[in-house]
Amino acid sequence: DTALVTRVSERFGVSDIEAIIHKVREGQLKIDVELRQTCESLAIAIAAAINLFNPAVLLVHGRLFDIQDGLFELTTELVRRRALAPSFADCQIQRGRCSKLQGAVAAAVHSLTDSLGPTLVY
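Per-chain numbering applies: the sequence of each chain, read as written, is numbered from 1 onward. Predicted model: local features are reported for residues with pLDDT of at least 70 only, side-chain atom pairs are reported and counted for 80 or more only, and whole-chain, interface and lining totals are derived from all residues. Processing note: side-chain calculations cover all non-hydrogen atoms of the structure and skip hydrogens and water entirely.

Peer 1: So what's going on with the packing of aromatic side chains? Residues and values would help.
Peer 2: Two aromatic rings are characterised by how far apart their centres lie and by the angle between their planes. The rule is short: rings of Phe, Tyr and Trp, with Trp giving its six-membered ring, pair when the centres are within 6.5 Å, and they are stacked under 30 degrees, edge-to-face over 60, tilted in between. Applying the stated criterion across every chain yields a total of 1 aromatic pair. Aromatic side chains Phe65 and Phe72 sit 5.2 Å apart centroid to centroid with 90 degrees between the ring planes, which places their arrangement in the edge-to-face category.

Written as C-alpha cells, this is what we have:
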C-alpha cells in the first residue's frame, strides 16, 4: 500500500490509501499505470521470498487489492512468471483478509503447527 500511495501522491497528490480507493471507485482518479507498477514490484518481492524460503503458504496483505477486481490474480500471475516453477507450485499464495498483525500471527501459528505437528500418513 505504501508503494502505491507514494506513486500516486507523486503524480496526483493523493496521499492516503483510503482516499485513493474511494477516488478510483468513484471514477475521479485513473491510476492503471501505478497499479500495474506496484503489482509488478510486489510480484518481484513475493517471487524472491518464494525462491529463497520455499514457503508452503504465503499471506499477502494489502488494501491495494480492494481498488480494482483482479489485482490479486494479476499479482499472482506475475509471481508465477518470476518464481522457480517447483517452488511456486508448492506454495499457496493467499490474500490476508485481516490486519497485518493478525496475518503475522496466523502465519506464525501455521508455521509452528505445520513444522511441529504430527505428519499424517495416508
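Peer 1: Lay out the packing of helix H3 (residues 32-53) against helix H4 (residues 71-82) in plain terms, naming residues and giving numbers.
Peer 2: Relative to each other, H3 and H4 sit at 50 degrees, their axes nearing to 8 Å. As summarised for this structure, H3 and H4 are arranged oblique, according to the angle between their axes. The element H3 and its partner H4 pack so that their crossing is right-handed. Facing H3, whose interface residues are Leu35, Arg36, Cys39, Glu40, Leu42, Ala43, Ile44, Ile46, Ala47, Ile50 and Asn51, H4 presents Leu71, Leu74, Thr75, Leu78, Val79, Arg81 and Arg82. Lines fitted to C-alpha atoms define the axes here, with helix axes fitted over just the stretch in contact, and angles between the N-to-C directions of these axes take values from 0 to 180 degrees. Going along the chain from the N terminus, every DSSP run of H or I of four or more residues is numbered as a helix, and every run of E of two or more is numbered as a strand. Roughly parallel means an angle under 35 degrees; roughly antiparallel, over 145; roughly perpendicular, 65 to 115; everything else is oblique. Each crossing gets its handedness from the near helix: less than a right angle anticlockwise from the far helix is left-handed, clockwise is right-handed. Residues count as neighbours in contact if any of their non-hydrogen atoms are within 4.5 Å of one another.

Peer 1: Can you break down the pattern of salt bridges residue by residue, with the values?
Peer 2: Definition used for salt bridges: Asp or Glu carboxyl oxygen within 4 Å of a side-chain nitrogen of Lys or Arg. Across all of its chains, the model carries 8 salt bridges by this definition. Linking Glu18 and Arg63 is a salt bridge whose minimum nitrogen-to-oxygen distance equals 2.3 Å. With Glu18 in helix H2 (residues 17-25) and Arg63 in the loop between strand E1 (57-60) and H4, this pair connects stretches of sequence that are 45 residues apart. Throughout this description, buried means an accessible area under 20% of the type-specific maximum (1.4 Å probe, protein chains only), exposed means over 50%, and partly exposed covers the range between. Look at Arg63 and you get partly exposed, because its relative accessible area is 27%. One salt bridge connects Arg63 with Asp66, and the closest N-O pair in it is separated by 2.6 Å.

These values are about where atoms sit, not about what they do.
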